[in-house]
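Here are the chains, one letter per residue:
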Amino acid sequence: MSWRVCILRWARNDIISIATRGNRFTLNTQQRCGFKKAAKETKTKKGAVEEAGPSHTEPSEGLIHKRGASQPLEPSVAYTHPRNFGRLVKPLVFTIGFTGCSFGTAAIWQYESLKSRVQSYFDEVRADWLEKLRPQKQGELRKWINQWWNSLSEGQRTVTGIIAANAVVFCCWRVPSLQRSMIKYFTSNPASKTLCFPMLLSTFSHYSFFHMAANMYVLWSFSSSIVSMLGREQFMAVYMSAGVISTMFSYVCKTASGRLGPSLGASGAIMTVLAAVCTKMPEAKLAIIFLPMYAFSAGNALKAIVAMDTAGLVLGWRYFDHAAHLGGALFGIWYIMYGHELIWKNREPLVKVWHDLRTKGPGGGGNGGSGPL
């Protein structure tokens, strides 16, 4: 689960107002000239009312103008029919293809990991022998980092890279010169000209620090459980696919309702993780960080979350992207109940093809490789 906040940020000479991971995403830029000019006297007609703010502030939603240019550089909201489902064919193909590639890559990754364990065993034995011969490296910081890393579970080590990627993207939002590219590629909008790549990239994108911190805390909390259930490789495939699938579900709901607007955040993928754990272990006890004295079962928590997001989607609540939340939760439930058997359990043909290719390569065994996995 993630929290959504509206942020009013002053960046150099720009004022940026942005709503994160909601159905509405408004970014208005107010440019200020660096040199003062003499004020011109303007004659106003009788009854005319002067506006309190600068008259050149863009009121239109999602229209970004390049400084000093008259034409918009990249409109984040395209002028298309709000219910043009034909534009969703390409994102649908991308979703199916990316999901298949994610699980295929995960299967090959797992194969390589298993194959390298035998070699790593001998490497560890040799490393222990060499460690006794060479002097120990000095440095308290290095020692502390190694101890901290070794104390983490496999799940926490796995999500560390995801958290780092989210932190890098968050810092990129702070660079004024990258704002246009960030809006184009790191926010998902069914009315945008760029539809496919933002479906994945927006999963690592957070504009608000509180938004990112809440999402990453939930991911960190459930990382040990989900990785112990699925394994490192399968978890990464599920997480990456969940980000794209939840965005596709959001595209469909936004197009059907006509309420178009950019969204961003890892909420959809994290909802998949949460739903998968709650479905697999419905009797597990959960608690809110600020109210640890109130515990509830994981099954009841999942029902409440799904009910809330369904109500938000039906009633048109616009503070959260309830469609992405609901799509991620439904994918997590489906994968634990059916997807694991349909997808992951049927990976052997692909792994066998990869094994044959590896053994036919240089030094791989010569005869076409019919050895065991």
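Look above for the structure.
Since we're looking at a predicted model, the values are computed, not measured.

> Explain the pairing of strand E4 (residues 291-297) to me, please; I cannot follow it from the model alone.
Regular strands show a simple pattern: their side chains alternate between the two faces of the sheet. As paired strands, strand E3 (residues 285-288) and E4 are joined by 4 bridges and run antiparallel to one another. When the bridges of E4 are listed, Lys285 appears paired with Ser297.

> Looking at this structure, I do not really get the packing of helix H3 (residues 154-173) against helix H7 (residues 232-257). What am I missing?
Any two packed helices are characterised by the angle at which their axes cross and by the distance between the axes. The N-to-C vectors of H3 and H7 enclose an angle of 40°; their axes lie 11 Å apart at closest approach. Looking at the two axes, H3 sits oblique to H7. As H3 runs across H7, the sense of the crossing is right-handed. Where H3 abuts H7, its residues Glu154, Thr158, Val159 and Ile162 lie against Arg232, Phe235, Met236 and Tyr239. The residue makeup of the contact of H3 with H7, split by class, is 5 nonpolar, 1 polar and 2 charged.

> I would appreciate a short explanation of the side chain of Ser250 in the present structure.
Here Ser250 lies in helix H7. Judged by relative accessible area, which is 2%, Ser250 ranks as buried. Those residues in contact with Ser250, other than ones at most four positions away along the chain, are Asp321, Ala323 and Ala324.

> Explain the environment of Val93 to me, please; I cannot follow it from the model alone.
Assignment of secondary structure puts Val93 in helix H1 (residues 89-133). C-alpha separation for the pair Val93 and Cys196, spaced 103 residues apart in sequence, amounts to 9.3 Å.

> What is the right way to read the pattern of salt bridges from this model?
Any two side chains of opposite charge can pair, so long as their charged atoms come close to each other. Within this structure, the stated rule accounts for 5 salt bridges. For the salt bridge of Arg232 with Glu233, the shortest nitrogen-to-oxygen distance reads 3.5 Å. A residue is classified by how much of its surface remains accessible, and Glu233, at 8% relative accessible area, is buried. Where Asp321 meets Lys254, a salt bridge forms, and the shortest distance between an N and an O atom there is 3.9 Å. Of this pair, Asp321 sits in the loop between helix H9 (298-315) and helix H10 (322-342) while Lys254 sits in helix H7, placing them 67 residues apart in sequence.

Cut-offs applied
Residues numbered from 1 in each chain as written. Predicted model: local features only at pLDDT ≥ 70, side-chain atom pairs only at ≥ 80, totals over all residues. Heavy atoms only, no water. Pairing = 2+ DSSP bridges. Helix = DSSP H or I, 4+ residues; strand = E, 2+ residues; numbered from the N terminus. Axes fitted to C-alpha atoms, helices over the stretch in contact; angles between N-to-C directions. Parallel < 35°, antiparallel > 145°, perpendicular 65-115°, else oblique. Left-handed = near helix turned anticlockwise from the far one by under 90°. Contact = heavy atoms within 4.5 Å. Nonpolar A, V, L, I, M, F, W, Y, C, P; charged D, E, K, R; others polar. Buried < 20%, exposed > 50% of the residue type's maximum accessible area, 1.4 Å probe, protein only. Salt bridge = Lys/Arg side-chain N within 4 Å of Asp/Glu carboxyl O.

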